[in-house]
Amino acid sequence: MSFFGGKRENSVATPKPGLLDRMKQAVTRTRESLSSKIDGLVALTRTVDEQTLESLESVLLTSDLGVQTTTDILAALRDRARHQAIRDGAELRSLLKQQLIAILSAPQAPNTIQTLAAPQVPPQALEAPKAQLASPQVTFLVGVNGTGKTTSAGKLAAWYRAQNRTVLLCAADTFRAAAIEQLEVWAARSGVEMIKTRHGGDPAAVLYDAASAAKARGIQELIVDTAGRLHTKSGLMDELDKMRRTAAKLIPGAPHQVLLVMDATTGQNGLQQARLFTQAAGVTGILLTKLDGTAKGGIAVAIARELALPVRFVGVGEQMQDLLEFSPEAFVDSLLG
Ligand code: GDP
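The structure contained in this document is the topic of the report that follows. As the structure is a prediction and not an experimental result, all values here were calculated from the model.

In this section: the overall build of the protein chain. On a plain count of helices and strands, the protein chain comes out with 14 helices and 8 strands. Buried residues in the protein chain amount to 52% of all 337 residues. Within the protein chain, residue pairs in contact and separated by at least 24 positions form 77% of the contacts whose partners lie at least 6 positions apart. When the accessible surface of the protein chain is split by element, carbon and sulfur atoms take 52% of a total near 15,300 Å².

If you want it as structure tokens, here you go:
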């Protein structure tokens, strides 16, 4: 596979100002590890030879890009070097950046948020009641316990509010004792309403209530926190299925997004878990948390390449505003300058 030559057709929008700085700060540890090693290896050589490429290979592996992804990148670089010598470190860095952006952009499907945000509404429909204009976009957050689902549901609510979208939270993690109270705090902080049931209640039932309320109130975004589960727990996976059916019954096409919440600090183990999870849960994208706490941020590239799923958002801290919409350009620029 070669990523060089030819312009990318669907070039991604330039990242918003501010995003790059925040992304840079979040990936500081990964950048320090990756960029300084690359600087070190290119400083030693004038021209980029096979030995430089071999050193680059081990640098990429230590940043958690994974064997498969690293092998692809190296094959493309060697191919390029065979046809046209890679002049110097600066050129190597630039070729590497091109490749990382291409890999990260490959699964970035058109964002449903944009299509929903600018609906083609006939003029007469504008006078219709709010609820008839568009049904809510439903987002499920799924994943294993402790990855940051509840925190991310709260942050995502605030993120959508900042886009001027109306939001309703649904506390469907009725399994973990503190999850409902925790989400309630986030709902209050971001100024959105929340639908809940008692601890141990039926998650599909609370989702039914939340979906009905979201429709009746003309809400644009319904965000559903779900219980932590492993793909191997068939009872819990069946429960997720039931939730999907419940959502679809009330709202056409729901759930529109199923975001698998992954903890960046778990590296390649998390990737293996995610691979099995995505097959069972109809995952449409990744929300990668705790990017601020790891030197292994390269996992984002492995996710895009090996799971063929877009990274949609990254968690960069524990505060409400610590959620960034993912941009391949901003991420790669932050890593490699
Ligand atoms: P859940 O079990 O998946 O719902 O996980 P929680 O939402 O309770 O989060 C588990 C822990 O991870 C909490 O201490 C969160 O504050 C923390 N956390 C979540 N997202 C991030 C993040 O992006 N960065 C950091 N540093 N911590 C996070």
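Having seen the structure, we can now continue with the description.
Let us look at the site of the ligand. The environment of the ligand is formed by 18 residues, the closest being Gly 146, Lys 149, Thr 151, Asp 292 and Glu 318. Gly 146 places a polar main-chain atom, nitrogen or oxygen, 2.8 Å from an oxygen atom of the ligand. The separation between a nitrogen atom of the ligand and a polar side-chain atom of Asp 292 is 2.8 Å. Burial of the ligand by the protein chains amounts to 81% of its free accessible area of 580 Å². Sorting elements by how many residues they give to the shell around the ligand places helix H8 (residues 149–162) first, with 4 residues. In terms of residue class, the shell around the ligand is made up of 2 nonpolar, 10 polar and 6 charged.

Enumeration according to the criterion identifies 16 salt bridges in this entry. Note that Asp 72 and Arg 305 form a salt bridge whose closest N and O atoms lie 2.3 Å from each other. Taken together, the residues span a long stretch of sequence, with Asp 72 in helix H4 (residues 67–83) and Arg 305 in helix H13 (residues 299–307) at a distance of 233 residues. A salt bridge links Arg 217 to Glu 193, with the nearest nitrogen and oxygen atoms 3.2 Å apart. With a gap of 24 residues between them, Arg 217 in the loop between helix H10 (203–216) and strand S4 (221–226) and Glu 193 in strand S3 (residues 193–195) connect regions that are remote in the sequence.

The next thing to look at is the packing of aromatic side chains. Taken as a whole and judged by the stated rule, the model has 3 aromatic pairs. Their ring planes at 75 degrees and their centres at 5.2 Å tell us that Trp 159 and Tyr 160 sit as a pair that is edge-to-face. For the pair Phe 326 and Phe 331, a centre-to-centre distance of 5.3 Å together with 50 degrees between the ring planes defines the contact as tilted. Accessibility classification places Phe 326 together with Phe 331 in one group, the buried group. Taken together, the aromatic side chains of Trp 159, Tyr 160 and Phe 313 make up a single cluster linked through ring pairs.

Once that is clear, we can look at the side chain of Thr 174. Along the polypeptide, Thr 174 turns up in the loop between strand S2 (167–172) and helix H9 (179–190). A distance of 2.8 Å separates a polar side-chain atom of Thr 174 from the backbone oxygen of Gly 201. With residues up to four places along the chain from it excluded, the contact list for Thr 174 reads Ile 180, Thr 197, Arg 198, His 199, Gly 200, Gly 201 and Pro 203.

Bringing the nonpolar core into the picture now. Phe 140, Leu 222, Leu 288 and Phe 331 are the most contacted members of the largest nonpolar core, which has 80 residues in total. Look past the residues within four positions of Leu 288 in its chain and what remains in contact with it is Met 262, Asp 263, Ala 264, Ile 299, Ala 300, Ile 303, Val 311, Phe 313, Val 314 and Gly 315. Listed in part, the 20 residues of the second largest apolar core include Ala 157, Ile 180, Leu 183 and Phe 313.

Here we take up H9. Over its 12 residues, H9 runs 17 Å from end to end, which matches the ideal 16 Å to within 8%, given 1.5 Å per residue. Of the surrounding elements, those touching the buried residues of H9 are H8, S2, S3 and S4. In the segment just after H9, Gly 191 is the residue with positive phi, at about 65 degrees.

Between helix H1 (residues 19–26) and helix H14 (residues 328–336), the shortest axis-to-axis distance is 9 Å and the interhelical angle comes to 50 degrees. Relative to H14, the element H1 is oriented oblique. Classified by chirality, the crossing of H14 by H1 is right-handed. Contacts between H1 and H14 involve Leu 19, Leu 20, Met 23 and Lys 24 from the first element and Ala 330, Phe 331, Asp 333 and Ser 334 from the second. A breakdown of the residues in the contact of H1 with H14 according to their chemical character gives 5 nonpolar, 1 polar and 2 charged.

Let us look at the environment of Ala 188. For Ala 188, the location among the structural elements is in helix H9. C-alpha of Ala 188 to C-alpha of Gly 154: the two residues are 34 residues apart in sequence and 9.3 Å apart in space.

Turning next to the packing of helix H5 (residues 89–105) against H13. Closest axis-to-axis distance for the H5/H13 pair is 8 Å, and the angle between their directions is 55 degrees. The orientation of H5 relative to H13 falls into the category oblique. Crossing of H5 over H13 shows left-handed handedness. In contact with Leu 100, Ile 103 and Leu 104 of H5, H13 contributes Ala 300, Val 301, Ala 304 and Arg 305. Classifying every residue of the contact of H5 with H13 gives 6 nonpolar, no polar and 1 charged.

About the criteria used
- Residues numbered from 1 in each chain as written.
- Predicted model: local features only at pLDDT ≥ 70, side-chain atom pairs only at ≥ 80, totals over all residues.
- Heavy atoms only, no water.
- Helix = DSSP H or I, 4+ residues; strand = E, 2+ residues; numbered from the N terminus.
- Buried < 20%, exposed > 50% of the residue type's maximum accessible area, 1.4 Å probe, protein only.
- Contact = heavy atoms within 4.5 Å.
- Areas by Shrake-Rupley, 256 points an atom, 1.4 Å probe, with all protein chains shown as cover.
- Near = heavy atom within 4 Å.
- Polar contact = N/O pair within 3.5 Å; in protein donor to acceptor, adjacent residues only side chain to side chain.
- Nonpolar A, V, L, I, M, F, W, Y, C, P; charged D, E, K, R; others polar.
- Salt bridge = Lys/Arg side-chain N within 4 Å of Asp/Glu carboxyl O.
- Phe/Tyr/Trp six-rings, centres within 6.5 Å; stacked < 30°, edge-to-face > 60°.
- Core = buried A, V, L, I, M, F, W, Y, C linked by side-chain atoms within 4.5 Å.
- Expected span 1.5 Å × (residues − 1).
- Axes fitted to C-alpha atoms, helices over the stretch in contact; angles between N-to-C directions.
- Parallel < 35°, antiparallel > 145°, perpendicular 65-115°, else oblique.
- Left-handed = near helix turned anticlockwise from the far one by under 90°.

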